Amino acid sequence: MSKLIMVKELRRCLWAQQGDKLMQAYHDCEWGRPEKDSQKLFELLTLEIFQSGLSWQTVLHKRANFCRAFAHFDIAAIANFTNADVQRLLNDATIIRNRQKITATINNAQIVSQKFPREQFSNYIWSFTHGQVINHCYQTMSDIPKFDNLAWLVSQDLRQQQFKFIGPTIVYAFLQAAGVINDHTADCFLAKNRAVN
């Protein structure tokens, strides 16, 4: 007589429990894991900028298109985008066509190229926490704030560095995505694996 094997469904943060496999994979493999690569950090910041006012699910499902349209998030390449590139992006129906967000991305790439070459952008972002992950212990998604003092501080500094389309809410989401802040809720299976690389 065969034994019935029960497989318990993994508990995830509420936003990743909606049955969307892409959202689940992003949650399980990327979100909240400390990211130290400058190009990857630039990608995450850019995607959070484009997410502003929209759902993360929308952006995530267009991520491959963003990658293609924005030169695989090569910072130096984006920094050299011209007005023709802006028009090309505005005509690209596979991405989110918002002129302010597009020009902000080009501007931000120029700032990173000029002020934070090589891996200095990563060093800059992680300097706000002295290289440490901030582990929160929120019980539910409703407990997580839209932003905190760290996000406000980082957003103010980014603005002083002349980054565009930057605010504390966008920056908080970016810090979560980059693993600078770990906001997996207490019931999430990843809550026990905090600060895992």
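Everything below is about the structure printed above this text.
Residues numbered from 1 in each chain as written. Predicted model: local features only at pLDDT ≥ 70, side-chain atom pairs only at ≥ 80, totals over all residues. Heavy atoms only, no water.

## With respect to unusual backbone geometry
Here alanine 71, not a glycine, exhibits a phi torsion of approximately 50°, which is positive. Among the structural elements, alanine 71 can be located in the loop between α4 (63-69) and α5 (75-79). In the Ramachandran plot, glutamine 162 falls in the positive-phi region, its phi being about 80° despite a non-glycine side chain. Taking relative accessible area as the criterion, glutamine 162 reaches 40% and is therefore assigned partly exposed. (Helix = DSSP H or I, 4+ residues; strand = E, 2+ residues; numbered from the N terminus. Buried < 20%, exposed > 50% of the residue type's maximum accessible area, 1.4 Å probe, protein only.)

## A closer look at the pattern of salt bridges
Inspection of every chain in the model, using the stated rule, returns eight salt bridges. Glutamate 43 is the salt-bridge partner of arginine 63, the closest N and O atoms lying 2.9 Å from each other. Taken as a pair, arginine 63 in helix α4 and glutamate 43 in helix α2 (residues 38-51) lie far apart in primary sequence, 20 residues in all. The exposure classification of arginine 63 matches that of glutamate 43, with both residues buried. (Salt bridge = Lys/Arg side-chain N within 4 Å of Asp/Glu carboxyl O.)

## Thoughts on the environment of arginine 63
By relative accessible area, arginine 63 is classed as buried at 13%. For arginine 63 and leucine 47, which are 16 residues apart along the polypeptide, the C-alpha to C-alpha distance reads 7.8 Å. Not counting the four nearest positions on each side in its chain, arginine 63 is found in contact with Tyr26, Glu30, Lys40, Glu43, Leu44 and Leu47. Within the local environment of arginine 63, its side chain forms a polar contact with the side chain of glutamate 30, the two groups lying 2.8 Å apart. (Contact = heavy atoms within 4.5 Å. Polar contact = N/O pair within 3.5 Å; in protein donor to acceptor, adjacent residues only side chain to side chain.)

Scope: geometric values only; no functional claims are made or implied.
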